[in-house]
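Understanding the architecture of this molecule
Spelled out, the chains give:
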Amino acid sequence: MRSDKHSGKKKRKWPKVVGIIMLLLVLGGGVYAYTIWNSLNDAVGAMHDPVKREKSEKRAEKVTFKEKDPFSVLLLGTDGSFERKGDVGRSDSMIVLTVNPNEKSVKMLSIPRDTRTEIVDKGTVDKINHAYAFGSAKGGPSEGAEWAMNTVENMLDIPIDYYATINMDGFKDIVNAVGGVTVNNDLDFTYQGIHFPKGQVELDGKKALAFSRMRYEDPRGDFGRQLRQRDIIQGVIREGASLSSLWNFDDIFDALGKNVKTNLSFKEMVDIQKNYKDAAGKIEQIDIKTGQGSKIDGVYYYIIPDAELGEIQSTLKKHLQI
């Protein structure tokens, strides 16, 4: 009888033990989630670098994410450091994204850095990538971003609502933080002593930087380089969203905070994730088909014919519902 009683006590204890373990796991998960949230908030705080204007002059009202308004973002890949005073850098890569949650799609336009256009804030005609350098030299990276936004929206005749600047020199830290990326390479080449064969290629930070910078050996020139940069950015997003990357969140957020600047606030990023996530499932690349290089007064420019530029403008306006 005593043995039966002792066995009954053991059975009654097990639910309590399991309950305590489950409670500890829930609390531990909550603390871990809170730590991640706090680190993300800190990283976005370091990334946040607003521009002077509150909205584009081409909009009557500012974009409202809760109402799922279509919006645009200018991505700028620069070769300068945000932490070195006086190092303004250049925007070697310029990509315009228009996001339409109603159509559940994103349109992506890569603008060649040598494109000849009006630099709005300077009142001169020059290479489009000079807008960022001119603005940065005058007032720092955020002013450089604003000059680039003004110039791009003037050329495309659409509002540029937000920007995100990525320091490509430090991009290797972001790639390493997510454990490297895998890309599909469509061109066999060697650059900076590293061979990149066709097919799936695994890249660490150093290789990713070299992979994204090669230009002269690519018959597509800037277009080829921009495609490779886009593949790496998509790879970082894919790896960063994976479960394994949760263990490296401190390194990831630290790398983002040091190498990315944007005028998007933490709340706006949360609203985009909540209301626009389905749009990322369909990304359409807009190609410039008839542009060509030309020398004017001894300077090389990339010229986009007015007819094709007009078609691109119409496509983006329709996607932005303006």
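Structure's up top.
Let me begin by describing the structure that accompanies this report.

Reading the values: rules and limits
- In every chain, residue numbers begin from 1 and rise along the written sequence.
- Two thresholds apply to this predicted model, a pLDDT of at least 70 for residue-level local features and 80 or more for giving and counting side-chain atom pairs, whereas whole-chain, interface and lining totals are computed over all residues.
- Side-chain metrics rest on all non-hydrogen atoms present in the structure, leaving aside hydrogens and water.
- Two kinds of site are reported from a 1 Å grid over the protein atoms alone, namely cavities, where a 1.4 Å probe fits but cannot get out, and pockets, open sets with protein on both sides within 12 Å along at least five of seven lines, and residues are called lining when an atom falls within 4 Å of a point.
- Grid points are joined across faces, edges and corners, and a volume is the space filled by probe spheres set on the points.
- Working definition: helices are DSSP H or I runs of at least four residues, strands are E runs of at least two. Numbering for both runs from the N terminus.
- Only Phe, Tyr and Trp rings take part, Trp by its six-membered ring, and two of them pair if their centres are within 6.5 Å. Stacked means planes under 30 degrees apart, edge-to-face means over 60, and tilted covers everything else.
- The cut-offs for exposure are 20% and 50% of the maximum accessible area for each residue type, with area from a 1.4 Å probe on protein chains only; residues under the lower value are buried, those over the upper are exposed, and the others partly exposed.
- A positively charged side chain is recorded as over a ring if its NZ (Lys) or CZ (Arg) lies within 6 Å of the ring centre. The angle to the ring normal must also be within 35 degrees.
- Criterion for a salt bridge: a side-chain nitrogen of Lys or Arg within 4 Å of a carboxyl oxygen of Asp or Glu.

**Some thoughts on empty space enclosed by the protein**
- Applying the stated criterion across every chain, the model contains one cavity of 30 Å³ or more.
- By volume, the largest cavity is sized at about 70 Å³.
- The wall of the largest cavity is formed by Leu 75, Leu 76, Gly 77, Ser 93, Ile 95, Ile 166, Met 168, Gln 229 and Ile 233.
- Listed by contribution, the elements that provide at least two residues to the lining of the largest cavity are strand 1 (71-78), strand 2 (91-100) and helix 6 (222-240).
- For the lining of the largest cavity, the element with the most residues is strand 1, which contributes three residues.

**Quick word on the packing of aromatic side chains**
- One pass over the full model with this rule turns up eight aromatic pairs.
- When the centroid spacing of 5.6 Å and the interplanar angle of 90° are considered together, the rings of Phe 65 and Tyr 276 count as edge-to-face. Taken together, the positions of Phe 65 in the loop between helix 1 (2-47) and strand 1 and Tyr 276 in helix 8 (residues 266-276) put the pair 211 residues apart, joining distant regions of the chain.
- On the accessibility criterion, Phe 65 (5% relative accessible area) is buried.
- Every member of this aromatic cluster is reached through a ring pair, and the members are Phe 65, Phe 71, Tyr 162 and Tyr 276.
- The ring of Tyr 301 has Arg 116 lying over it, and the distance from NZ or CZ to the ring centre is 5.2 Å.

**Brief notes about the pattern of salt bridges**
- Here the structure, examined in full by the defined rule, presents twelve salt bridges.
- A salt bridge links Glu 153 to Arg 53, with the nearest nitrogen and oxygen atoms 3.2 Å apart. Of this pair, Glu 153 sits in helix 3 (residues 141-156) while Arg 53 is found in the loop between helix 1 and strand 1, placing the two residues 100 residues apart along the sequence. Comparing Glu 153 with Arg 53, the two get one shared label, buried.
- Overlapping salt bridges, with partners in common, bring together Asp 186, Asp 218, Arg 220 and Arg 228 in one network.

**Digging into unusual backbone geometry**
- In this structure, Lys 68 takes a positive phi of about 60° despite not being glycine.
- Among the secondary structure elements, Lys 68 is positioned in the loop between helix 1 and strand 1.
- Here Lys 68 falls in the partly exposed class, since its relative accessible area comes to 37%.
- Positive phi, normally seen in glycine, also occurs at Asp 297, with a value near 55°.

By themselves, these observations are geometric and do not establish any function.
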